[in-house]
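Coordinate inspection notes
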Amino acid sequence: MKTLIRMIFNLFKYLGKTFTFIRNLILNIVFFACIALLAAVFFFPKEEEQALRQTSDILRLDIYGDIVEKKRLPQSFEKLLGEELLDQSRRQETLLQDILDVIGKASQDDSIHYILLNLRHMENAGLNQIQTIGEALDSFKKAGKLVVAAEDYYSQPQYFLASYADRLFINPAGFLDLHGLGVYRLYYKEAVEALHINYNIFKVGGYKSALEPFTRNDMSALDKEQNEVWLSKIWQIMTHAIAQNRDIRPFALRQYTHNLAERLQLVDGDAARLALEAGLVDKIATRRQLENELKALFQVKKEKIRFTSTREYLQTITRAFSPCSNENQNVGLIVAEGIIMPGEQVPGQINSDSLIQRIRKAEKDETIKALVLRINSGGGSAFASEIIRQALVEFKKTGKPLVVSMGSVAASGGYWIAADADQIWAEKTTITGSIGIFGAIPTFENSLASLGVHNDGLGTTPIASGIDITRPLANPLKEAIQLNIEHSYAEFIDIVAKGRELDRSKVEKLAQGRVYDGGSARDLGLVDELGNLDDAIKAAGKMIGQENCRARYIEEDLPDKFHLLRFLLTTTQEQIQMQSLLAKLLPFWSSKPQQLFLPGTTSLGRITDPAGVFALCHISPYLR
């Protein structure tokens, strides 16, 4: 009987395994069939699409979402998904270097005669980024080629880029938004008091204003002072560039931005006509009229205008800084963009462990003779900033030059990691400095007391309660935290003084959390030279005796599946965080590690530091 039962059991066991094998086989066949289908659809274009690529001499420069210097989603996944599955209008970013590569190649491509700027879905961009793209467009035009901008309406960043075009069109129902630059924030002091929250603020630096929203109802005089200086300089640079591009007087721009209502009244409220009369656009045209205008400009005789998209053109060129075996690429390039945080890489952040891994990779690579670190960050964790700096100091011990190239912003923690470089390059519109430290711990004992909830007990030491948000901070602990903040600030001063070879007394005067534009920072000795990323790479090449040396990216040694997993997990976390109203208004703290939420600082929400010490500049100098 037992033998019979065992036989029946084994029979079902083998049948189960057989069914599992068949099921997995079928699923795998279906999976690989889908992959093959995707490849057939996306990588093998239809005949008419191939003909389009071969015959169109009009390059459509597509810019979607924010212009960034390091993308959250790896290029390989974008290529796999393609435009058909990954709706371009929903992609939140376009890589700056891709734009520059496309324009640069098209300038030398005899088969490309025109560029049509497609700016409809363009969102935020750094002033320096637009200027760099504009310089590339100028080079394209110097080759005897034509650049055209034709949108229904223009946001401020869209128009600044469009101003570099030879011909600029607007819809009669459209408008041109040129409103100026500003720094505006929400302030929560009354809300904090109404909620009976006890904010414990620890900081050094009178200009360090990141925590003002929790301690004031308005902007402080010092914050207004520093913001007015850099805003005025950057706005002057922008308006001068637009006036030069459009061949109009700067006064005309001032009239447009300072007397908008009055000027609109003179044209019966017609915004498109006002833009035309101010010289900001060349022609007003409906969509049907625009099509005919473009046909005439592009010398198209067929019924439909055909374009070569940016994505299609990118597939035909070699991207800059990609590893290339037949070129002398002895300069390593690391792009660090986002909030500085401890730990492993998360898309959209500078995570210390992952960045250090890339620095060490450049350090050990014998073919890398110099390193350029491109920084686009307002800082974050003081601890993460310091251990990144330590890794850069170790890199320099190899004798390899280290050059820093600053993007739109390289301030506070971003400046911390730059200070020891052999050379620092910034652009005139870069926001830098902000040499200051702060920490903040809210406690809710009064909030809880108003609800009839109290915390009591005893411990073996005066600081036994630690950081407990349901209790007031013990005075000895407050003193200890402030002393630690002051120590970190003194360390920051010493790092800058040593790295920049400046007197400590001078750095103390320049510090206090004050921000500077790139031009002022150069004059004060906080940066060495003014120029873009290419200029910094050339400088690194000269330092190793190779003026024509090329650069290549230094990336993490991780499979794409890890990048995709991180991207998906981060997106989920953001969605969860956005559901919490409290998280939008107030910091959330836990004992390990310390976390801080600053409204408007980062889309990723919380910033972490093991000791709760932050080197962060809240200013986001992007055109919106």
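See the structure printed just above.
What comes next is a walk through the structure.

A word on the packing of helix α4 (residues 96-108) against helix α5 (residues 127-142)
- Relative orientation of the contacting elements α4 and α5 amounts to 10°, with a least axis distance of 9 Å. On the basis of the axis angle, α4 is roughly parallel to α5. Residue-level inspection shows Leu96, Ile99, Leu100, Ile103, Ala106 and Ser107 of α4 in contact with α5, the latter providing Gln129, Thr132, Ile133, Ala136, Leu137, Ser139 and Phe140.

Describing the side chain of Asp223
- If you trace the backbone, Asp223 turns up in helix α9 (residues 221-246).
- The buried charged residue Asp223 lacks any salt bridge, with Arg185 as its nearest oppositely charged partner at 4.2 Å.
- A polar atom in the side chain of Asp223 sits 3.1 Å from the side chain of Ser209.
- Look past the residues within four positions of Asp223 in its chain and what remains in contact with it is Arg185, Tyr187, Ser209, Glu212 and His618.

Here we look at α4
- An ideal rise of 1.5 Å per residue puts 18 Å on 13 residues; α4 measures up with 19 Å between its terminal C-alpha atoms.
- Of the residues making up α4, those classed as buried are Leu96, Gln97, Asp98, Ile99, Leu100, Asp101, Val102, Ile103, Ala106 and Ser107.

Topic: the side chain of Gln129
- Position of Gln129 relative to the elements: it lies in helix α5.
- Aside from chain neighbours lying at most four places away, what touches Gln129 is Ile67, Val68, Glu69, Leu96, Asn376 and Ser408.

Some points on the packing of aromatic side chains
- By the definition in use, this model includes nine aromatic pairs.
- Here Phe160 and Tyr164 contribute two aromatic rings whose centre-to-centre distance is 5.9 Å and whose plane-to-plane angle is 45°, an arrangement assigned as tilted.
- For Phe160, a relative accessible area of 0% translates into the label buried.
- Between the aromatic rings of Tyr199 and Phe214, the centroid separation amounts to 5.0 Å while the plane-to-plane angle is 10°, which identifies the pairing as stacked.

Topic: the pattern of salt bridges
- Per the stated rule, a full pass over the model turns up 23 salt bridges.
- Linking Glu277 and Arg273 is a salt bridge whose minimum nitrogen-to-oxygen distance equals 2.9 Å. Taken as a pair, Glu277 and Arg273 lie in helix α12 (residues 271-277) at a separation of four residues, close to a single helical turn.
- Classification of Arg273 by relative accessible area gives partly exposed; the value is 32%.
- Where Glu508 meets Arg504, a salt bridge forms, and the shortest distance between an N and an O atom there is 2.4 Å. Here Arg504 and Glu508 lie together in helix α20 (residues 504-510), a separation of four residues that amounts to about one turn.
- For Glu508, a relative accessible area of 36% corresponds to the partly exposed category.
- The network of salt bridges with common partners includes Glu69, Arg374 and Glu427.

Rules used throughout
- Residues numbered from 1 in each chain as written.
- Predicted model: local features only at pLDDT ≥ 70, side-chain atom pairs only at ≥ 80, totals over all residues.
- Heavy atoms only, no water.
- Axes fitted to C-alpha atoms, helices over the stretch in contact; angles between N-to-C directions.
- Helix = DSSP H or I, 4+ residues; strand = E, 2+ residues; numbered from the N terminus.
- Parallel < 35°, antiparallel > 145°, perpendicular 65-115°, else oblique.
- Contact = heavy atoms within 4.5 Å.
- Buried < 20%, exposed > 50% of the residue type's maximum accessible area, 1.4 Å probe, protein only.
- Lys, Arg positive; Asp, Glu negative; His and termini not counted.
- Salt bridge = Lys/Arg side-chain N within 4 Å of Asp/Glu carboxyl O.
- Polar contact = N/O pair within 3.5 Å; in protein donor to acceptor, adjacent residues only side chain to side chain.
- Expected span 1.5 Å × (residues − 1).
- Phe/Tyr/Trp six-rings, centres within 6.5 Å; stacked < 30°, edge-to-face > 60°.

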